[in-house]
Structure formats: structure tokens, C-alpha cells
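The primary structure of each chain is shown beneath.
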Amino acid sequence: MFSPKFPMIAAALVGFSATLAQAETKFPFALDWKFEGPSAPYFLAVDDGSYSDAGLDVEISEGKGSLDAIPKVATGAYPVGFADINSLMKFLDQNPGAPVTAVMMVYDKPPFAIVGRKDLGVNTPKDLEGKVLGAPPPDGAWAQFPIFAAETGLDMDKIKVDPVGFPVREPMLAQGKVDAIAGFSFSSTLNLKRLGVPLDQQSIMLMADYGVALYGNAIIVNTDYAKAHPEEISGFITATAKGWKAAIADPGKAVDALIKRNPAADKDMETERLQMAIDANVLTDFVKENGMGSIDPARMDKAIEQTKLVYDFQTAPDAALYFDSTYLPKDGSLKID
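Since we're looking at a predicted model, the values are computed, not measured.

Caption draft 1: Just the overall build of the protein chain, in detail. When you go through the protein chain residue by residue, the secondary structure sums to 16 helices and 10 strands. Since a compact globule built from 337 residues should have a radius of gyration of about 20 Å, the 22 Å found for the protein chain is in line with a globular shape. Counting only C-alpha atoms, the protein chain reaches 85 × 45 × 35 Å along its principal axes. Per-residue burial for the protein chain yields a buried fraction of 52% across its 337 residues.

Caption draft 2: Quick look at the layout of surface pockets. One number sums up the size of the largest pocket: a volume of about 320 Å³. Lining of the largest pocket is provided by 24 residues; of these, D32, W33, G65, F184 and S187 occupy positions nearest its centre. Every element with two or more residues in the lining of the largest pocket is listed here: α8 (166-174), β8 (180-184) and α9 (185-194). For the lining of the largest pocket, the per-class residue count stands at 11 nonpolar, 6 polar and 7 charged. In this structure, the second largest pocket encloses a volume near 280 Å³. L92, A98, V100, L321 and Y322 are the residues nearest the centre of the second largest pocket, which is lined by 20 residues in total. For the lining of the second largest pocket, the secondary-structure elements that each account for two or more residues are α5 (85-94), β4 (100-105), α10 (223-228) and α16 (319-322).

Caption draft 3: Looking closely at the environment of M89. Among the structural elements, M89 can be located in helix α5. Overall, the relative accessible area of 0% leaves M89 in the buried class. Spatially, the C-alpha atom of M89 lies 8.0 Å from that of P317, the residues being 228 residues apart in sequence. Among all residues touching M89, those that are not within four sequence positions of it are M300, I304, T307, F313 and Y322.

Caption draft 4: Up close: the environment of T284. Mapped onto the elements of the fold, T284 is located in the loop between α13 (267-282) and α14 (285-290). For the pair T284 and P99, spaced 185 residues apart in sequence, the C-alpha separation works out to 30 Å. Among residues more than four places away in sequence, those in contact with T284 are D108 and K109.

Caption draft 5: Representation of the packing of aromatic side chains in the model. In total, this model carries 17 aromatic pairs according to the counting rule given. Measuring from ring centre to ring centre gives 5.4 Å for F27 and F236, while their planes differ by 40°; the resulting arrangement is tilted. Of this pair, F27 sits in strand β1 (residues 26-30) while F236 sits in helix α11 (residues 230-249), and the two are 209 residues apart along the sequence. This pair shows no difference in class: F27 is buried, exactly as F236 is. Plain terms: the ring middles of F35 and F43 are 4.9 Å apart, the flat faces sit at 75° to each other, and that makes the pair edge-to-face. Assigned by exposure class, F35 and F43 land together as buried. Taken together, the aromatic side chains of F27, F29, Y42, Y51, F82, Y107, F112, F184, F186, Y225, F236 and W244 make up a single cluster linked through ring pairs. Between R299 and the ring centre of Y215, over which it is positioned, the NZ or CZ distance is 3.7 Å.

Caption draft 6: Inspection of α9 at higher detail. With respect to burial, α9 is a largely interior element, 8 of its 10 residues being buried. Within α9 the residues assigned to the buried category are S185, F186, S187, S188, T189, L190, N191 and L192. After α9 finishes, the residue G196 shows a positive phi value of roughly 100°.

Caption draft 7: Here's a closer look at the nonpolar core. Residues F29, Y42, I114 and F145 are the most contacted members of the largest nonpolar core, which totals 94 residues. When residues in this core are grouped by element, the largest group, 8 residues, is from α11. Ranked by size, the runner-up nonpolar core spans 10 residues in total, among them M172, L173, L192 and L206.

Caption draft 8: Region of interest: the sheet that holds strand β3 (residues 80-84). Spatial strand order, β2-β1-β3-β10-β4: 5 strands in an open sheet with mixed pairing. Of all the strands in the sheet, just β2 (57-61) and β4 have a single pairing partner and so form its edges. When the angles between neighbouring strand axes are averaged without regard to direction, this sheet yields 30°. Strand direction decides the pairing type here: β1 and β2, joined by 5 bridges, are parallel. Bridging from a neighbouring strand, K26 pairs with D57 of β2. Sitting on the sheet, α5 touches β3, β4 and β10 (217-222), and the angle it makes with β4 is about 160°. Lying over the sheet, α11 contacts β1, β2, β3, β4 and β10, oriented at roughly 35° with respect to β4.

Caption draft 9: The pairing of β10, seen in detail. Counting buried positions along β10 gives 6 out of 6 residues, so the element sits mostly inside the fold. Here β10 shows two buried faces, one formed by N217, I219 and V221 and the other by A218, I220 and N222. As paired elements, β3 and β10 share 5 bridges and run antiparallel to each other. Note that in β10 the partner of A83 across the bridge is A218. Sheet topology places β4 next to β10; 5 bridges connect them, and they run antiparallel.

About the thresholds
Residues numbered from 1 in each chain as written. Predicted model: local features only at pLDDT ≥ 70, side-chain atom pairs only at ≥ 80, totals over all residues. Heavy atoms only, no water. Helix = DSSP H or I, 4+ residues; strand = E, 2+ residues; numbered from the N terminus. Rg over C-alpha atoms; globule rule 2.2 N^0.38 Å. Buried < 20%, exposed > 50% of the residue type's maximum accessible area, 1.4 Å probe, protein only. 1 Å grid on protein atoms, 1.4 Å probe; cavity = no way out; pocket = protein on both sides within 12 Å on 5 of 7 lines; lining within 4 Å. Points joined across faces, edges and corners; volume = space filled by probe spheres on them. Nonpolar A, V, L, I, M, F, W, Y, C, P; charged D, E, K, R; others polar. Contact = heavy atoms within 4.5 Å. Phe/Tyr/Trp six-rings, centres within 6.5 Å; stacked < 30°, edge-to-face > 60°. Lys NZ or Arg CZ within 6 Å of the ring centre and 35° of its normal. Core = buried A, V, L, I, M, F, W, Y, C linked by side-chain atoms within 4.5 Å. Pairing = 2+ DSSP bridges. Axes fitted to C-alpha atoms, helices over the stretch in contact; angles between N-to-C directions.

Shown next, in the form of C-alpha cells:
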């Protein structure tokens, strides 16, 4: 109990305690996948104090795929998550009124890819005809494959699809049991490299390079929570951008933060994986010009139209349901120098 003889000190200590309580607010964050290179910027933002400066004690949990974080956030189990915006569109169509939306685009260019082996005759999209494609059914890249096929003139009836599981996807390609796989570029390619298939023997076809206008993974929020705590969401976005900018400046330092949480990770490989994500997915020409986080409405409209090739919407799609830019800071903190 504070002594009444020192009211000014007591008041100051009460204020200090309140500040600490605010700084220690638990703020769970659900990732889409395991603790690998592309998740390093979030851990760096924890370690360098960016999140705590925003009054947030961020606890990061790994995920099991592109869909994993969406129901976690929609149910309120997590206030924020990291998920594929295309999967979010479908989720909201199937669960009208669910309190979840995207607020910060991270993968301006999605990592959806088809990865083949050159020695098995896969060098271009057309080479997939007559071949075996390994594709896990829940995979985000596989979900968009019909768009890729339409844009490249592929006859899907001429491609044999093997619904492999995530753990055996790259091993089956390394063993030659399939000729190509669907996956995230920075994950599948380096997993293959670890299994003995060098990068120069891989054909890496990013769907975005073949006419697919879709966006990739974004920070998603529980909209009920966001409306009640808008400053926390904006603070989280600002701190996340700081983490990414710091990771872009020094990928190795970011991966050091990752390895604290995943000691079994290979630093060189995860640094290479992070650099691939930065170069191909995060630091695009659009982001260099406009900063992190925002989207181009015209491109989003095109992405929705392409999504209609792979999904029958129950109700008319509405971009305003899928992305809310109002929480993005307007102070220039999302610009990347």
C-alpha cells in the first residue's frame, strides 16, 4: 500500500504501473506455417522492441497451411493472423458475416508456384501436359492452379494430379515419383535443394509471372476486436512493417531471431529463404513506390474475376469485405527507403 505521506510518488507509481500493464497486453498472432525464414521479421520485431513500443506483447504461433489462421481469427481465438487473402474470400463467402478481414498486404506478389525438375522434362508450363503433378489438396498454390492453366493455355485433362501430402511433396519430386509440384516458391525450392536437387536443376514457375493477378498472404484481423481496439491494430501494422524493413536491411539478423525459436533451423538456408521472399514477394515495384500494406483496387478487381474461375461465389464478391485499409498508418511509416 502506498503511504498517504507521499501522494505525488504514489500517483506516479500508479501511472507507471498502468503503463507497464498496457505494455504487457497479450496479443497472440497466428502464422500460416512453420517457423521458417519468411516468419523471421515478426520475431525480429519482438526482439527489437517494435511490438512492445506499440504496447503489445506479441506471442507468435505457427500454423499448418494457408487456411489455418482464418478460423482462428474469425472465432476470436486470435486478434490477428497471417493468411492467404484468396482463401479468406472463400471463407467469407461460405461464412457470411464472419468477423474477419485483411488489413495489411504482405505478399504483394504471391509465392504460388509450380516447381519442376528440368531433367524430368519440365521447363515451361506446357511441359506439364503428359506429366504427373504432386499437389496437396489444401495447398494454396494448387487452389489457384486452374487460373494458371487458363492463363497459360494448359489442358488440365492432360495432367495427372497426385494428391500428395505436405510432408512427402518435395521428397516425391526429389525421388522422381512426380515430375512437378504445386507449392510456395520459397518453401518448395529450398526444401528440394536440401534434398539434393540444386536450384539450377529446378524450373520455378511463379504463377504471378504467367498472368495470375492474385494477391498473396496478408495480416488479417478479427473485425470485432479491431473496431474495439483500432490503435492496437494500427500499432501492430506499424511494428510489423518495422520488422520487415529491418529484415530487408539485415536478413541474417532476422533469422537469428527466428533460430531462437527454432534451434533446428539451418541459418544459411532460412536466410536464403527469407531473401527469396523479400525479392520475389514482398519488395515489389508497387511496394517500393507505395510502401507496404496497401493494394491496388483495379488489380484486386481483376483478382476477384480470376477467382471466379476456381470458385463459384454464393453471393456477389465484394472487395470491401476482404480488405480494409483504414487501419494502415498514414504517417509514412510503411514506406521502405
